[in-house]
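Coordinate inspection notes
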Amino acid sequence: MASRSTQILEAAARVIARRGVRGLRVEELAEEAGVSTALIYYHFKDRTGVLRRTLEFISDRAERYTTQVVSDGEPLSPREKLDQTLLLELQDTTEVRENSSAWGELRASAVFDEVLREDLARATLVWVQDVAALLGQVRPMASAAALAAAAERLTALLEGLSMRWLSGMLPIAHARTLMSEAIEAEVDRLSR
């Protein structure tokens, strides 16, 4: 059974994905999580604490579902790991939809919230560094600056494609195709 704080964070991700950051009310969160508001304040101090920890939670959850390993499958090549890490952010599952929606909401709110902006910048930097490391495994002779720039472009594109998919402007299959083509272009570019 999940801990109470995890239960609250799962509920916060659902509420943010459904109603946005502005729609997150501690009372509604308590009802969604099946806990008291006092327990939320005990674990997270205030609404900002809930938002900060929810950002960490969705980042950790995304890392889990993008790095899942098939237990009896062959180990993935560096290129397959790169593709998997990025393309699994574009899957039509409740968990990914919820995570992507909540991430987009938190990113948009960070424009107006300096504390959240700093947390989001750190989380994004980790993500970009992870993608750069994967690109470095695919193209070990590429410079660190080139790897970082390619990772920045790919993660920014993925965020944009995800928002277009979630808002109904782009079918998921097309979003995945565009992402695959961008990965191919960046890998080719790094070999020059």
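Here the structure is a predicted model, which is why all the values come from computation and not from measurement. (Residues numbered from 1 in each chain as written. Predicted model: local features only at pLDDT ≥ 70, side-chain atom pairs only at ≥ 80, totals over all residues. Heavy atoms only, no water.)

**Describing the overall build of the protein**
The criterion, for reference: Where helices and strands are cited, they refer to DSSP runs of H or I of at least four residues and of E of at least two residues respectively, numbered from the N terminus. For the exposure calls, accessible area comes from a 1.4 Å probe over protein chains only, and a residue counts as buried if that area is under 20% of its type's maximum, exposed if over 50%, partly exposed in between. Note on definitions: a residue-residue contact is assigned when non-hydrogen atoms from the two residues lie within 4.5 Å. In this charge count, Lys and Arg are treated as positive and Asp and Glu as negative; neither His nor the chain ends contribute. One atom stands in for each charge, and that atom is NZ of Lys, CZ of Arg, CG of Asp or CD of Glu.
Within the protein one finds nine helices and zero strands. Each helix and strand of the protein, ordered N terminal to C terminal, gives the series α-α-α-α-α-α-α-α-α. Based on the C-alpha atoms only, the size of the protein along its principal axes is roughly 55 × 40 × 30 Å. By residue count, 43% of the 192 residues in the protein fall in the buried class. For the protein, contacts bridging at least 24 residues in sequence account for 67% of all contacts bridging at least 6. With 24 positive and 29 negative side-chain charges, the protein shows a separation of 4 Å between the mean positions of the two kinds.

**Regarding the side chain of Q91**
In plain terms, the rule: Between N or O atoms, a polar contact is any pair within 3.5 Å; within protein, one atom must be a potential hydrogen donor and the other a potential acceptor, and residues adjacent in sequence are included only when both atoms are from side chains.
Tracing the chain through its elements places Q91 in the loop between α5 (78-87) and α6 (94-110). Among the polar contacts made by the side chain of Q91, one reaches the main-chain carbonyl oxygen of L88 at a distance of 2.9 Å. Those residues in contact with Q91 that lie beyond four places of it in its chain are Y65, V96, W165, I172 and R176.

**Digging into the pattern of salt bridges**
As a reminder of what qualifies: By definition, a salt bridge exists where a carboxyl oxygen of Asp or Glu is found within 4 Å of a side-chain nitrogen of Lys or Arg.
In total, this model carries 12 salt bridges according to the counting rule given. Here R19 makes a salt bridge to E28, at a shortest N to O gap of 2.9 Å. Judged by its relative accessible area of 48%, R19 falls in the partly exposed class. Using a relative accessible area of 21% as the deciding quantity, one classes E28 as partly exposed. Residue R61 is joined to E98 by a salt bridge in which the shortest nitrogen-to-oxygen separation is 2.8 Å.

**Section: the packing of aromatic side chains**
Put simply, the test is: Each Phe, Tyr or Trp ring (for Trp, its six-membered ring) is paired with any other whose centre lies within 6.5 Å, and the angle between the two planes then decides the class: stacked below 30 degrees, edge-to-face above 60, tilted in between.
If you walk through the whole model with that rule in mind, you get one aromatic pair. Centre to centre, the rings of W103 and W127 are 6.3 Å apart; their planes meet at 75°, and the pair counts as edge-to-face. Of this pair, W103 sits in helix α6 while W127 sits in helix α7 (residues 114-138); the two residues are 24 residues apart in sequence, bridging distant segments of the chain. Classification of W103 as buried rests on a relative accessible area of 13%. Residue classification places W127 among the buried residues on the basis of a relative accessible area of 17%.

**Notes on the nonpolar core**
What counts here: Nonpolar cores were defined as sets of buried Ala, Val, Leu, Ile, Met, Phe, Trp, Tyr and Cys residues, with membership established by side-chain atoms within 4.5 Å.
Among the nonpolar cores identified, the biggest contains 29 residues, and L82, L86, V131, L135, L154, M179 and I183 are the most heavily contacted of them. At the level of secondary structure, the elements contributing two or more residues to this core comprise α4 (47-66), α5, α7, α8 (144-166) and α9 (172-190). Filtering out sequence-adjacent residues up to four positions away, L135 remains in contact with L82, L147, A150, A151, L154, V187 and L190. With 28 residues, the next largest nonpolar core counts V21, V26, L106 and A123 among its residues.

**Describing the environment of W103**
Separated by 44 residues in sequence, W103 and S59 have C-alpha atoms that sit 8.3 Å apart. Setting aside anything within four residues of it in sequence, one finds W103 in contact with L55, I58, S59, L120, A123, T124 and E159. At 2.7 Å, the side chain of W103 forms a polar contact with the side chain of E159.

**Considering unusual backbone geometry**
The backbone of K45 sits at a positive phi, close to 70°, despite the residue not being glycine. For K45, a relative accessible area of 67% puts it in the exposed group.

**Describing the side chain of S100**
Inspection of the secondary structure puts S100 in helix α6. Here S100 falls in the buried class, since its relative accessible area comes to 7%. Only 3.5 Å separates the side chain of S100 from the side chain of S162, close enough to count as a polar contact. Aside from chain neighbours lying at most four places away, what touches S100 is E89, S162, M163 and L166.

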